[in-house]
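# Coordinate inspection notes
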Amino acid sequence: ARNAPASLAAFLRTTTELSIVSVEQFTYSEFLMALPDPTAFYAITIPPFDTLSALELNPGVAFAMIDRILGGKGDSGAPQRALTEIEQNVVDAVVKLLIEHLTETWKSVTEIRFQIHARETRPQMLPVASWNEVMIVVTFDLKVGEARGLLNICIPASVVEASGTKLGQSWQHTKRER
């Protein structure tokens, strides 16, 4: 949330804001039920873990980003339809930028290299986890120009637990340095 807005602003050539709204624990099915349909939904690999995480970008923000990247002002309303293949390719560039920051953030904890595995406009059609798997969902408020929406990152709790000891140590170490 600290580093991504500057990169997004430079990439999209407009003001961006990103702030954490919540960090919660849900089952994967509860997470899916809370998402809009259609939306920009990505399955993200988490090597070295043999599991997937998910990233969801609200369609209103996704369409504003597409408009900015393709030369518009980014203030047109979001159409009530799924992203086309071409629009998904455009959004892929933004998602790659976001997961680069996610990878950089986790670098102090463990060597994880997040990568796009698959994408879909209907979240229920892309299997990321079992329905009852416990997930940690980090929700961000993302503002791009005048468009505002949510960005959700859903990581299996098992990954967070496996990294838990290192996570606590790196947070304390970072806090002391300041």
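First things first, this report covers the structure right here in the doc. Only a predicted model underlies this, so the values are computations on that prediction, with no experimental measurement involved.

## Structural notes on the side chain of Arg68
One can find Arg68 in helix H3 (residues 59-69). Buried and unpaired, Arg68 has no salt bridge, with Asp67 as the nearest side chain of opposite charge at 6.9 Å. For Arg68, the residues in contact, after removing those within four places along its chain, are Leu12, Arg13, Thr14, Lys73 and Gly74.

## What to know about the pattern of salt bridges
Tallied over the entire structure, the rule returns seven salt bridges. Note that Arg119 is salt-bridged to Glu85, the shortest N-O span being 2.3 Å. Placement of the pair is Arg119 in strand S4 (residues 115-120) and Glu85 in helix H4 (residues 85-106), with a sequence separation of 34 residues. The exposure class of Glu85 is exposed, given its relative accessible area of 51%. Overlapping salt bridges, with partners in common, bring together Glu17, Asp141 and Arg148 in one network.

## What about the packing of aromatic side chains?
Per the stated rule, a full pass over the model turns up four aromatic pairs. Ring centres of Phe31 and Phe41 lie 6.5 Å apart, and the angle between their planes is 40°; on these two criteria the pair is classed as tilted. Of the two residues, Phe31 is situated in helix H2 (residues 28-33) and Phe41 in strand S2 (residues 40-45); the sequence distance between them amounts to 10 residues. By relative accessible area, Phe31 is classed as buried at 3%.

## Here's the deal with the side chain of Asn152
Mapped onto the elements, Asn152 comes out in strand S6 (residues 147-156). A polar side-chain atom of Asn152 sits 2.8 Å from a polar atom in the side chain of Thr139. Once you skip the residues sitting within four places of it in the chain, Asn152 turns out to touch Phe31, Leu35, Ala54, Leu55, Glu56, Val137, Val138 and Thr139.

## Brief notes about the environment of Thr110
Here Thr110 shows up in the loop between H4 and S4. For Thr110, a relative accessible area of 14% puts it in the buried group. Residues Thr110 and Val23, spaced 87 residues apart in sequence, show a C-alpha to C-alpha distance of 20 Å.

## Comments concerning unusual backbone geometry
The step from Asp37 to Pro38 runs through a cis peptide bond, and the omega angle for that step is 10°. Its location among the elements puts Pro38 in the loop between H2 and S2. In this structure, Arg13 is a non-glycine residue whose phi angle is positive, near 55°. Within the element layout of this structure, Arg13 appears in the loop between helix H1 (4-12) and strand S1 (16-27). Accessibility expressed as a relative area gives 51% for Arg13, which makes it exposed.

Rules and cut-offs
Residues numbered from 1 in each chain as written. Predicted model: local features only at pLDDT ≥ 70, side-chain atom pairs only at ≥ 80, totals over all residues. Heavy atoms only, no water. Helix = DSSP H or I, 4+ residues; strand = E, 2+ residues; numbered from the N terminus. Buried < 20%, exposed > 50% of the residue type's maximum accessible area, 1.4 Å probe, protein only. Lys, Arg positive; Asp, Glu negative; His and termini not counted. Salt bridge = Lys/Arg side-chain N within 4 Å of Asp/Glu carboxyl O. Contact = heavy atoms within 4.5 Å. Phe/Tyr/Trp six-rings, centres within 6.5 Å; stacked < 30°, edge-to-face > 60°. Polar contact = N/O pair within 3.5 Å; in protein donor to acceptor, adjacent residues only side chain to side chain.

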